[in-house]
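Summary of the model geometry
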Protein chains: 2
Amino acid sequence: MTQLDYKRSGVDYAKIDPLKVLAQRAAADTSRNLARHGLTEVAASRGESAYVVDCGEFYFASITECLGTKALVADAVRALPSNSAGRTYYDSIAQDTLAMAVNDIITVGATPVSVHAYWAAGSSDWFADGARARDLVEGWQQACDRCGVAWGGGETPALAGVVESGRIDLAASCVGIVRPKSRLTLGDKLSAGDAIVLLDSSGIHANGVSLARKLAERLRDGYATRLDDGTLFGDALLAPTVLYAPVTEALAAAGIVPHYCVNITGHGWRKLMRHPAAFTYSIDALPAVPPVLNFIQRQAAIDDREAYGNLNMGAGFALFVAPSDAERAVQVAHSAGVGALIAGRVDTGSKSVVIEPLRLTFRADELHVRA
Amino acid sequence: MTQLDYKRSGVDYAKIDPLKVLAQRAAADTSRNLARHGLTEVAASRGESAYVVDCGEFYFASITECLGTKALVADAVRALPSNSAGRTYYDSIAQDTLAMAVNDIITVGATPVSVHAYWAAGSSDWFADGARARDLVEGWQQACDRCGVAWGGGETPALAGVVESGRIDLAASCVGIVRPKSRLTLGDKLSAGDAIVLLDSSGIHANGVSLARKLAERLRDGYATRLDDGTLFGDALLAPTVLYAPVTEALAAAGIVPHYCVNITGHGWRKLMRHPAAFTYSIDALPAVPPVLNFIQRQAAIDDREAYGNLNMGAGFALFVAPSDAERAVQVAHSAGVGALIAGRVDTGSKSVVIEPLRLTFRADELHVRA
């Protein structure tokens, strides 16, 4: 079977990046506006996953994140004849959307505090489907409760002509606080010798979905194809994204402040070298790969470089901790209900991610997430 | 000509509202999560335009708002043969989007502090149009500078299958602080006798756009139709929304704390009775109606009830102030570059908006913005 790659699956980062660079520069220019309000920007948060402002007694962090196209998978799987239970899957989709924002904001050490929902439908009809609307609302509320955030409000526009008919564009914004200020984890303490603790993912989460959708088109049974473990491909794709806030809050309660955190999303394991400093991230132990990701890799005929460079391959979130904290961090994660393992260490050396069991190296020039 | 109304222009609020009610109840339930973080919700902000959390030393407010479909107008007007200057209009569109969030967050007394951009395109190609991308970035930055906010970051996904090809879904989220806490304006001080000060709009802003688009389809020359003042209909529609943050900040600097504020958007002047209490809002003086709104009213053959009940008709923002502050509030607004007038007063009486010069009354049951 021909290999499926990202350009072929419809997202061309080369076209987006020039705008991103322009926007990041313009955004950085606006930092000076904070002085009028007696506030200062935490400049090191520029280029990180959430924006951090110093308001004296504590920091606050903010973020807006998009689900992407995973709702299209829910729409397709809901319509399968095999969905005899009539699931809408929008409870899962709600959790995915919230996770995009929450799992990002916690990387800077923030406790997520409030979220706003952004649910932009192609027409008012979208909201008239009662079962789906209820699932979306209930899934959102449960995800909020699990993360300890207050759902502050949201926007539910009907945008005919902008959003496709019958579809919905889902996003979430989140505000968090870093208190005490010593919980800030922008990576200034990241050092050679630190342990890399990887937290388990539940499956594809919400990244690599375009690839999965293209793959479904090529499979004779599409989303109804059975994985080795008997699950349907579509159901497996729709396992909701793990919420990692309970882990980071439990770590704080246990007195463990990570030196750095990475939410493993669109760039897969390349994102382990997200921090601006030059370190070699050496991985010597791998988490189990969720069956759905194994299936995608095999069926899309992509090699380990493509798979680990784009998908989470079982690791949804990375904690970089002092070696003396590593074992305890794993235990705290387990207690919070999330599988974890000490997967490797931060080494001196040229900036790269070295996945030793796979004899795979990603070099610095293979990750572009900063201007 | 047949009258154009909102249902016919494609937005059916009856279908959205049941979901909104569900979501508002579920959201209110999550308030208890704040206690874990030593924070409390300002319950009176539920149902207001921004969500407010008490963090001890001050309040913070948060909001996510959508532009709506105004970018479709920009796309159409950019393509007109009359656009010899090659304007993209996305600098205006950027300001409109930011205004949706900023003009809402200031209603609670917040100083807008940071914003995130949400720019979700139908494909990566959207971002490859350099002139349009530059205008969007520059317009966004200028609007941030004008409001004194820091642009913290954003999201620029390409969402083929969710967002229409060639289109973009634009939204903004904003965080603000209310400091000192006495600046909080949730309306507990709103009283009979208060003056209603209306701040000038620049035109349609970003509400009533579906109606304007339907109208353009019916006009022989569409967006190229000339208004009485010689402006093209399309150009007039694309006058950017006024940013009112400089006014509310100048009021604070002048020691004037409004008793309540309303951002006049989708429900037009009906929104003057947004506050939950029962008052009669008596209007005895009207701002000048921008030519583009006069044109829409005439051409769409809608009466004053339909026009003032849905469009801003020259008033983009309302301040409810102590009568002794009214004259000075007008002067402060003028000094901040925004026209203003004392348009009426808050009276005891059944909940309604009475526009005396037009012999027009909106009763309480004609506004549904709360659960």
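Residues numbered from 1 in each chain as written. Chains lettered and ligands numbered in written order. Predicted model: local features only at pLDDT ≥ 70, side-chain atom pairs only at ≥ 80, totals over all residues. Heavy atoms only, no water.

1. A look at the relation of the copies chain B and chain A
Superposing chain B onto chain A requires a rotation of 180 degrees together with a translation of 0.0 Å along the rotation axis, leaving an RMSD of 0.0 Å. Here the transformation between the copies is reduced to the relation of a two-fold axis. Distance from the rotation axis, computed per C-alpha, reaches its smallest value in chain B at V163 of chain B: 2.1 Å. (Least-squares fit on C-alpha atoms with pLDDT ≥ 70 in both.)

2. Looking at the interface of chain B and chain A
A common measure of how large an interface is: the accessible area buried when the components associate. Taken together, the 81 residues of chain B in the interface contact 81 residues of chain A. Here chain B meets chain A over a buried area of about 6,600 Å², counting both sides, of which 62% is carbon and sulfur. Between chain B and chain A we count 2 salt bridges in total. Taken together, the connections running from chain B to chain A amount to 28 residue pairs in polar contact (both at pLDDT 80 or more). Elements with a minimum of two residues in the side of chain B that touches chain A: α1 (13–29), β3 (59–66), β4 (111–121), α4 (130–147), β5 (150–155) and β6 (168–178) of chain B. For the side of chain B that touches chain A, the per-class residue count stands at 41 nonpolar, 21 polar and 19 charged. (Contact = heavy atoms within 4.5 Å. Buried area = accessible area lost by both parts, 1.4 Å probe. Salt bridge = Lys/Arg side-chain N within 4 Å of Asp/Glu carboxyl O. Polar contact = N/O pair within 3.5 Å; in protein donor to acceptor, adjacent residues only side chain to side chain. Helix = DSSP H or I, 4+ residues; strand = E, 2+ residues; numbered from the N terminus. Nonpolar A, V, L, I, M, F, W, Y, C, P; charged D, E, K, R; others polar.)

3. A short note on the pattern of salt bridges
On inspection of all chains with the given rule, the structure shows 37 salt bridges over all chains. Here D365 of chain A and R363 of chain A are joined by a salt bridge, their closest N and O atoms 3.5 Å apart. On the basis of relative accessibility, which here comes to 47%, the residue D365 of chain A falls in the partly exposed class. In this structure, D129 of chain B engages R132 of chain B in a salt bridge whose closest nitrogen and oxygen atoms are separated by 3.8 Å. Counted as one network, the salt bridges with shared partners bring together D284, R345, D347 and E356 of chain A. (Buried < 20%, exposed > 50% of the residue type's maximum accessible area, 1.4 Å probe, protein only.)

4. Points about the state of the cysteines
Counting across every chain of the model gives 0 disulfides over all chains. A disulfide-free cysteine, C147 of chain A has its sulfur positioned 7.4 Å from the sulfur of C144 of chain A, the nearest such atom. Free of any disulfide, C174 of chain B has its nearest cysteine sulfur in C147 of chain B, 8.2 Å distant. (Disulfide = S-S within 2.5 Å.)

5. Concerning the packing of aromatic side chains
Applying the stated criterion to the full structure yields 26 aromatic pairs over all chains. Ring-pair connections join several aromatic residues into one group, and the members of that group are Y260, F279, Y281 and F320 of chain A. In this structure, R132 of chain B is placed above the aromatic ring of Y90 of chain B, and the distance from its NZ or CZ to the ring centre is 5.9 Å. A cation over a ring is seen here: K181 of chain B above Y59 of chain B, with NZ or CZ 4.9 Å from the ring centre. (Phe/Tyr/Trp six-rings, centres within 6.5 Å; stacked < 30°, edge-to-face > 60°. Lys NZ or Arg CZ within 6 Å of the ring centre and 35° of its normal.)

6. Quick word on helix α5 (residues 209–218) of chain B
Of the positions making up α5 of chain B, those classed as buried are V209, S210, L211, A212, L215 and A216 of chain B. On its buried face, α5 of chain B is in contact with α2 (70–78), α6 (233–237) and α8 (291–299) of chain B.

7. Quick notes on the environment of L360 of chain A
Among the secondary structure elements, L360 of chain A is positioned in strand β13 (residues 360–363). In the structure, L360 of chain A is positioned 338 residues away from L22 of chain A in sequence and 33 Å away in space, judged by C-alpha atoms.

8. Here's the deal with the packing of helix α5 (residues 209–218) of chain A against helix α8 (residues 291–299) of chain A
Residue and element names in this part refer to chain A. Two elements in contact, α5 and α8, have axes separated by 11 Å at closest approach and are oriented at 65 degrees. Crossing angle aside, the handedness with which α5 passes α8 is left-handed. Here α5 contributes L211, A212, L215 and R218 to the contact with α8, which in turn contributes F295, I296 and Q299. (Axes fitted to C-alpha atoms, helices over the stretch in contact; angles between N-to-C directions. Left-handed = near helix turned anticlockwise from the far one by under 90°.)

9. Focus on the environment of L358 of chain A
Residue and element names in this part refer to chain A. Checked against the element boundaries, L358 lands in the loop between β12 (352–355) and β13. On the accessibility criterion, L358 (22% relative accessible area) is partly exposed. Between the C-alpha atoms of L358 and F295, which are 63 residues apart in sequence, the distance is 18 Å. Aside from chain neighbours lying at most four places away, what touches L358 is L286, D304 and Y308.

10. Re the nonpolar core
Membership of the largest hydrophobic core comes to 119 residues, with the highest contact counts inside it found for W119, W151, F233 and I296 of chain B. Each of domain 1 (29–183) and domain 2 (195–366) of chain B contributes no fewer than three residues to this core. Setting aside chain neighbours within four positions, we find I296 of chain B in contact with I204, L211, A212, L215, F233, L237, A301 and L311 of chain B. Counting 118 residues, the second largest nonpolar core, distinct from the first, contains V178, L186, F233 and A236 of chain A. (Core = buried A, V, L, I, M, F, W, Y, C linked by side-chain atoms within 4.5 Å. Domains from an automatic or database assignment.)

11. Focus on the domain arrangement of chain A
Residues and elements named next belong to chain A. By the assigned domains, chain A splits into domain 1 (29–183) and domain 2 (195–366). A C-alpha centroid distance of 21 Å is found between domain 1 and domain 2. Of the residues lining the interface, 34 residues belong to domain 1; the matching set on domain 2 comes to 33 residues. Taking both sides of the interface into account, the surface hidden between domain 1 and domain 2 amounts to around 2,700 Å²; carbon and sulfur atoms contribute 61%. Per-residue buried area on domain 1 facing domain 2 is highest for K70, N103 and R183; these three make up 20% of the total on that side. Taken together, the connections running from domain 1 to domain 2 amount to 2 salt bridges. Viewed at the interface, domain 2 and domain 1 are joined by 15 residue pairs in polar contact (both at pLDDT 80 or more).

12. Some points on the sheet that holds strand β2 (residues 51–54) of chain A
All names here are of chain A. Strands sit in the order β1-β2-β3-β6-β4-β5 across an open sheet of 6 strands; the sheet is mixed. Two strands bound the open sheet, and with one partner strand each, they are β1 (40–41) and β5 (150–155). In this sheet, β2 lies alongside β1 in antiparallel orientation, the contact comprising 2 bridges. Considered in β2, the bridge of T40 is made with D54. Helix-sheet contacts for helix α4 (residues 130–147) involve β4 (111–121), β5 and β6 (168–178), and the interaxial angle to β4 is about 165 degrees. (Pairing = 2+ DSSP bridges.)

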